[in-house]
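Chain residues, written in single-letter form:
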Amino acid sequence: MAIRVNPRFIDELDRYGAEDVQLCYQCGDCSTVCPHADDIYKFPRKSMRRLQMGLEEKIETTLEPWLCYYCGQCSEQCPREADPGETMMSLRRWLISRYDFTGIAKHFFKSGTTEVLAILTVSILTGSFLLYHGFSFGNINIYDGEGAFLPSSFIHRLDLTLGLVLVLFLAVNASRMWYFTMIKGMKIPVPWLLYIREFYELPWHFFTQKRYSDCQANDDQKMYMPWMIHLGLMLGYVTMLVLVMVFIEELQSGPAIQWSVHIFGYLATVGLLTGTVYFIRNRINKSYIQYKKSHSTDWVFVSLLFLIVITGILQHIFHRSGIYDWANISYVIHLMFVIPWLLRMPFSKWSHLIYRPLAMYFTGIQRAAYLRHELITSRLSVTIK
Amino acid sequence: MRTGVFFCQAENSSDELNIDAIAKYSANLPEVETVQVMGIKPKLEIKTLCDRIKSDKLDRVVIAGDIPGYYKPFFTKAMRLSGGNPDEIRLASFQEHGAKGEYAVDRAKAIVACATMGVPFGLAAIPGGNPVNHATLVIGGGIAGIQSALEIANAGKLVYLIEQSGTIGGHMAMFDKTFPTLDCAACILTPKMVDVGQHEHIRLLTKSKIISVSGKPGSYRVKIKQQARRVDVKSCVACGLCADICPERVESEFDAGISKRKAIYIPFPQAVPNAYLIDEEHCRYVLTDGEKCGHCVRKCPKDCIHLDEQDSIIDIEVGNIILATGYELLDVSKIAQYGYGKYPNVLTSLEFERLTNASGSTGGRIVTKSNRLNKRTNIEEWFFSPEGIPPRSVALIHCVGSRNKNYNLYCSRVCCMYSLKFAHLIKEKIPNVIVYEFYIDMRAFGKGFEEFAERIKQEGTFIIRGHSASVSMNNGRMIVRGEDIFNDRLVEFNVDMVVLAVGLVPSPGTEELSRILGISRDRDGWFSELDYNGSPTETDKGGIYVAGMCQAPKDIPDTVAQASAVAAGVLRSLTSGKGIGHMSSLSLSEIESRAKTIHAN
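No experiment lies behind these values; they were computed from the predicted model shown. (Residues numbered from 1 in each chain as written. Chains lettered and ligands numbered in written order. Predicted model: local features only at pLDDT ≥ 70, side-chain atom pairs only at ≥ 80, totals over all residues.)

Before going further, it helps to spend a moment on the overall build of chain B. A count of helical and extended segments in chain B gives 16 helices and 30 strands. Expressed as a percentage of the 601 residues in chain B, the buried residues total 47%. Contacts in chain B between residues far apart in sequence, at least 24 positions, make up 70% of those at least 6 positions apart. (Helix = DSSP H or I, 4+ residues; strand = E, 2+ residues; numbered from the N terminus. Buried ≥ 20, exposed ≤ 12 C-beta atoms within 10 Å, placed from the backbone. Contact = placed C-beta atoms within 7 Å.)

If you want it as structure tokens, here you go:
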């Protein structure tokens, strides 16, 4: 079957951060040191080769970039300084933009200015809408209940609407991912039963990110620090998302602390704060090889999240100490960051929250399918090479 | 003749050249009417050039720049259209005539000056008629130095051959076989070494170093420090009784550290000069200023050991100097992923070369290291014993530290072929052994090399296209991981021995020597030749030549060829009596005045 070659693919990927792919001379050192490369998914060298050859279709249908957690060992010992780790990262960015059916993600990844402008626009729109709504229907000195500036029931409705939009976007994108990787990318039939049998992979990888912990460079380390931090950040984020989507009214009620709900909020805040501070500090100090090159989207990602966390904490403190006007102001600012953040999710790095566990799930199915296929074909005494 | 000078720089013009200064200088030259700096990579328009030539009534045009020949067609056309003589277009090529380094600007000025006068630069700049001292100094006694020395000495001229260690022979003496012919290296080298030792025109100075060099091309005064050998070369018969009684055991340099020698030793039985010598860094008598030991003196039947001998300084005068200082291996223990120094059976190429050599400590048997407990230090030590167990499988890893931005950027040029040779030797000596070769690109570029590579493949060696970047240990066996790119799979092999094809770096004294002689070195530390294509044996200093590895990595045939070519250059200078060296030996004003005389005639 003929494969289309896109000679401009490598230049396009340059905008996503893969700048040095052309330097690679295919020694295979990166695949050798990679703790995740195995017999079926051999990367990063193969991805580098495909990029060099412009095999856009092959990369579009592969799950390999999602199996990389960017520990940076490959880039560290690359004899050509071709930076395979960053290439895998860029491929993930490209894949996100490829899965995104609207085509917005592409512009965000290609130009940091576009992204910042888009965020600012949404932010200002949100701010003006909230202020207009607050001043027309409420009092800035009342935080919750009757006549509140931003009543939690109103926010709840807003959240649920947003959530619905998000779910719609992500569902379409995820199904595109499924189509690319499991239909276009698989040359052998995949029995439906495998989808059920391997389903446990999805929650397992979502909540533990087990594979990330395999990244550590040497066995002396008990825990792999980036994994712990990343897991904390992700769990904090998910907890917060659930709290905001479902328990917002309990979360916002009364100045007294409702421990049954707020304890989760505090735990989530700790995870989020540690995570964002850790990643921002590493990106500034460039302390590990994986933080040496920061794409504009990486910066937007961590700094926006950090601002959300800080404004959220402020709002909480003002509210609990009874300074309602300031609580309302910080709440508006907080939401001015949150709404663009949520709307941006399907088009940004954050969507790997969905794609990565999905990729693990799909690779589990693929693996099982290959295994099954090989069993069947070997019974027919056909040698596979 | 009304002359116009046009400066056209190529894009990659060096920063050393201050074009404005050169332009100012050339404006003051006689007959120069107009000077124009066209900038970097100029887009020339023939019409404007034509107008310029017409308006200034130019008879001659000089194009100056890195690669002025590139712009010649434009000027030729313009000259022809404006009715001038296209033969009067002169090129002042900075690159061709070596305007680089310390004196780049002066050289460039001289090049432009010669071009404006229409005098070929070479004619004006190469001095002649210097009286040339007919003695030659060869620094380094490896195959390159030996070859050069023999060529010159056989032509009847005196050669001083100085060598840092106790014997000549260099690295080639350590090798077992040469690729691709699988000739015995010693069989080629040792007759030459004996020739050197016995030659009436060769003065061999071992354990010697250059301290200072003065003078100019044709007559260099060289101060050499000869370390005391402490054994009389003439009367020593190499009986070995002294070594038997010597209590000190030191790692043998000749055996690449895989065996031990004594503090009084002969590097190898065929050494030239064939006499023992004292290693003063380890000799107990020397270290304690004669208070302890001295057993060897009492044991020697010929009374030829003089432990109190002092170093001596030798002054010589020579006409030409040949550099043949060779190379050493990159320190591979700093590349942690291969586990060299951590796992006993990870060897460098030189260690393996000594292991497989019939004159090595195992008598040519390829075995894995055995271990024993040193009772004095209570440390387990690993060593090669002739009774050791042969490896069942061996991995050979190419490009260790070569072609790697973290270590050596360059290809060491010999590793592919010697690794293939190793594969052959292992297959030949051990039955049923499995050999894996991990390579990135097979650089079998020489005569018979590709055929050799094919032959090795057919012998059943697993040649894996893909580098290995990790050697680890599991249950007492080493595991080599790699990617087999052609078969599209990740591989993991259990092996008993790993041989690393370690990259080559200039020998440790190269930097010091380049400072003493004033020779420039390239980015990688090798001596720079004058011109890579045109004069690969000369340096930018007249009367000093480079041969062999010290210029760049090369194999034995290339080394020998270059060494012979160097000898030809030396002999040319000796017989012609003029033209010693080249342009750099004259200053700007000298070249100018010489060009004027040639121009006037």
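Here we take up the environment of A565 of chain B. Residue and element names in this part refer to chain B. Residue placement: A565 occurs in helix α15 (residues 556-576). Residue class for A565 comes out partly exposed when judged on the 18 C-beta atoms lying within 10 Å of it. In this structure, the C-alpha to C-alpha distance between A565 and E538, residues 27 residues apart in sequence, is 10.0 Å.

We now examine the interface of chain B and chain A. The partner chain A presents 17 residues to the 17 residues of chain B that form the contact. Breaking the side of chain B that touches chain A down by element, the ones donating at least two residues are β25 (468-474), β26 (477-484) and β27 (489-495) of chain B. Along the lines of polarity and charge, the residues of the side of chain B that touches chain A split into four nonpolar, eight polar and five charged. (Nonpolar A, V, L, I, M, F, W, Y, C, P; charged D, E, K, R; others polar.)

So, about unusual backbone geometry. Residues and elements named next belong to chain B. In this chain, F179 is followed by P180 through a cis amide linkage whose omega measures -5 degrees. Its place among the elements puts P180 in the loop between β7 (177-178) and β8 (183-184). Residue P273 follows V272 across a cis peptide bond; omega there is 0 degrees. Along the chain, the position of P273 falls in the loop between β14 (264-265) and β15 (277-278). Within the chain, A256 stands out as a residue other than glycine whose phi angle is a positive 55 degrees. Counting through the fold element by element, A256 comes out in the loop between β12 (249-251) and β13 (260-262). For A256, a count of 22 C-beta atoms within 10 Å translates into the label buried. Of note in the backbone geometry, R413 takes a positive phi value of approximately 75 degrees without being a glycine. If you trace the backbone, R413 turns up in the loop between β22 (393-400) and α12 (415-429). By C-beta crowding, R413 is classed as partly exposed, having 19 other C-beta atoms within 10 Å.

Residue and element names in this part refer to chain B. Burial of strand β21 (residues 379-383) is sparse: only zero of the five residues sit out of reach of the surface. Relative to β21, strand β20 (residues 370-374) runs antiparallel, the two sharing five bridges. Looking across to β21, one finds that N374 is bridged to I379. Turn length for the β20-β21 hairpin, with the two strands adjacent in sequence and antiparallel, is four residues, and the turn residue N378 shows positive phi of about 60 degrees. (Pairing = 2+ DSSP bridges.)

So, on to the pairing of strand β11 (residues 219-226) of chain B. Residue and element names in this part refer to chain B. The pairing of strand β10 (residues 208-216) with β11 spans eight bridges and is classified as antiparallel. Paired with S214 across the two strands is R221, which belongs to β11. Hairpin geometry of β10 and β11 is characterised by an intervening segment of two residues between the two adjacent antiparallel strands and by a positive phi of about 105 degrees at G218.

Residue and element names in this part refer to chain A. Look at helix α9 (residues 112-137): 37 Å from first C-alpha to last across 26 residues, which is about the 38 Å you get at 1.5 Å a residue. For α9, the set of buried residues is E115, I119, L130 and G134. Where α9 is buried, its residues touch α8 (104-110), α17 (296-320) and α18 (324-344). (Expected span 1.5 Å × (residues − 1).)

This paragraph deals with the nonpolar core. Soluble globular proteins tend to bury their nonpolar side chains together. Grouped together as the largest cluster of nonpolar side chains are 132 residues, with contacts concentrated most on I322, L323, V498 and L500 of chain B. With nine residues, the top contributor of residues to this core is α12 of chain B. In this structure, Y41, C74, M177 and Y355 of chain A belong to the second largest nonpolar core, which totals 47 residues. (Core = buried A, V, L, I, M, F, W, Y, C linked by C-beta atoms within 7 Å.)

Following the sequence through the fold, L235 of chain A ends up in helix α14 (residues 225-246). The spatial distance from the C-alpha of L235 of chain A to the C-alpha of V165 of chain A is 22 Å, given a sequence separation of 70 residues.

With that settled, consider the sheet that holds strand β30 (residues 544-546) of chain B. Residue and element names in this part refer to chain B. Overall, parallel pairing links the five strands, which are arranged β9-β6-β5-β17-β30 in an open sheet. The sheet is open, and its two borders are formed by β9 (202-205) and β30, each paired with just one other strand. Neighbouring strand axes in the sheet, compared pairwise and without regard to direction, differ in orientation by 20 degrees on average. This element, α15, spans β5 (136-139), β17 (320-323) and β30 of the sheet and lies at about 175 degrees to β17. (Axes fitted to C-alpha atoms, helices over the stretch in contact; angles between N-to-C directions.)

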